[in-house]
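# Working through the structure, step by step
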Amino acid sequence: DTAVSQTPKYLVTQMGNDKSIKCEQNLGHDTMYWYKQDSKKFLKIMFSYNNKELIINETVPNRFSPKSPDKAHLNLHINSLELGDSAVYFCASSRTLNNEQFFGPGTRLTVL
Amino acid sequence: GESVGLHLPTLSVQEGDNSIINCAYSNSASDYFIWYKQESGKGPQFIIDIRSNMDKRQGQRVTVLLNKTVKHLSLQIAATQPGDSAVYFCAFSGSARQLTFGSGTQLTVLP
């Protein structure tokens, strides 16, 4: 069974489009996250969502919006995609904040 | 500010040798530290963690050392194997209790 799953695995789209990436965890964790990994492998946190509290990284453009329909899901919606949004996006979850995080397989987003 | 740095971006070791990957952090309030391994095309995978009330923790073939005085974290891999080739990240708890990741070290195991 996959602990943290993401769809799609690959996403290729044109500039200006709006797209969503879905994430689900079946670990019963309270906290979920979105990370962006650039071409140099640098991992940067974008959002964390802990018990209905959203913690936003201030450097993330407001074109990015996380949506959590329930504790097991944290989807990432991106409006007006730009070339610089091309990266691998990872979802993760943890039992609570400050605990081991389990990562999904990643979604490679390419903006043309 | 918070930062996590790695002393070496790449590390090559002979199969069977021990590997040491280093990491420096700047937030003296950090109390939780993790090492992750990321293989090509996959998400980061937990290796080992340590809390600030400890200075050493051992797992299977891996040991994490924490020196809070100089804000230094290291990962030691014993008898390095080809399957250990990956990018290794250190991470530490920062503000808002979120993890901050280092820039990663590419470990290559030579036959």
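Further up the page is the structure itself.
Throughout what follows, the structure given in this document is the object of discussion. Please read all numbers here as calculations on a predicted model, not as lab measurements.

## Points about the packing of aromatic side chains
Describing an aromatic ring pair means giving the distance of the ring centres and the angle of the ring planes. Residue and element names in this part refer to chain B. This model, assessed by the stated rule, comprises 12 aromatic pairs over all chains. Arranged with centres 5.5 Å apart and planes meeting at 40°, the rings of Tyr36 and Phe101 form a pair that is tilted. Of the two residues, Tyr36 sits in strand 4 (residues 32-38) while Phe101 sits in strand 10 (residues 99-101), which places them 65 residues apart along the sequence. The pair Tyr36 / Phe101 is uniform in exposure class, with both members buried. Geometrically, the ring pair formed by Phe89 and Phe101 is edge-to-face, given 6.2 Å between the ring centres and 80° between the ring planes. Taken together, the residues span a long stretch of sequence, with Phe89 in strand 9 (residues 86-93) and Phe101 in strand 10 at a distance of 12 residues.

## What about the sheet that holds strand 3 (residues 19-25) of chain A?
Residue and element names in this part refer to chain A. With antiparallel pairing, four strands are arranged side by side in an open sheet as 1-3-8-7. The outermost strands of the open sheet, each flanked by one partner alone, are strand 1 (4-7) and strand 7 (64-70). Across the sheet, the mean angle from the axis of one strand to that of its neighbour is 20°, orientation sign disregarded. Pairing analysis gives four bridges linking strand 1 to strand 3, with the strands arranged antiparallel. If you follow Thr7 over to strand 3, its bridge partner there is Lys22.

## Focus on the pattern of salt bridges
A complete count under the given rule lists six salt bridges over all chains for this structure. Linking Arg63 of chain A and Asp85 of chain A is a salt bridge whose minimum nitrogen-to-oxygen distance equals 2.8 Å. With Arg63 of chain A in the loop between strand 6 (53-56) and strand 7 and Asp85 of chain A in the loop between strand 8 (73-78) and strand 9 (87-94), this pair connects stretches of sequence that are 22 residues apart. Each member of the pair, Arg63 of chain A together with Asp85 of chain A, is buried. For the salt bridge of Lys42 of chain B with Glu39 of chain B, the shortest nitrogen-to-oxygen distance reads 3.9 Å. Residue Glu39 of chain B is classed as partly exposed on the basis of its relative accessible area, which comes to 27%. The network of salt bridges with shared partners includes Arg63, Glu82 and Asp85 of chain A.

Rules of the game
- Residues numbered from 1 in each chain as written.
- Chains lettered and ligands numbered in written order.
- Predicted model: local features only at pLDDT ≥ 70, side-chain atom pairs only at ≥ 80, totals over all residues.
- Heavy atoms only, no water.
- Phe/Tyr/Trp six-rings, centres within 6.5 Å; stacked < 30°, edge-to-face > 60°.
- Helix = DSSP H or I, 4+ residues; strand = E, 2+ residues; numbered from the N terminus.
- Buried < 20%, exposed > 50% of the residue type's maximum accessible area, 1.4 Å probe, protein only.
- Pairing = 2+ DSSP bridges.
- Axes fitted to C-alpha atoms, helices over the stretch in contact; angles between N-to-C directions.
- Salt bridge = Lys/Arg side-chain N within 4 Å of Asp/Glu carboxyl O.

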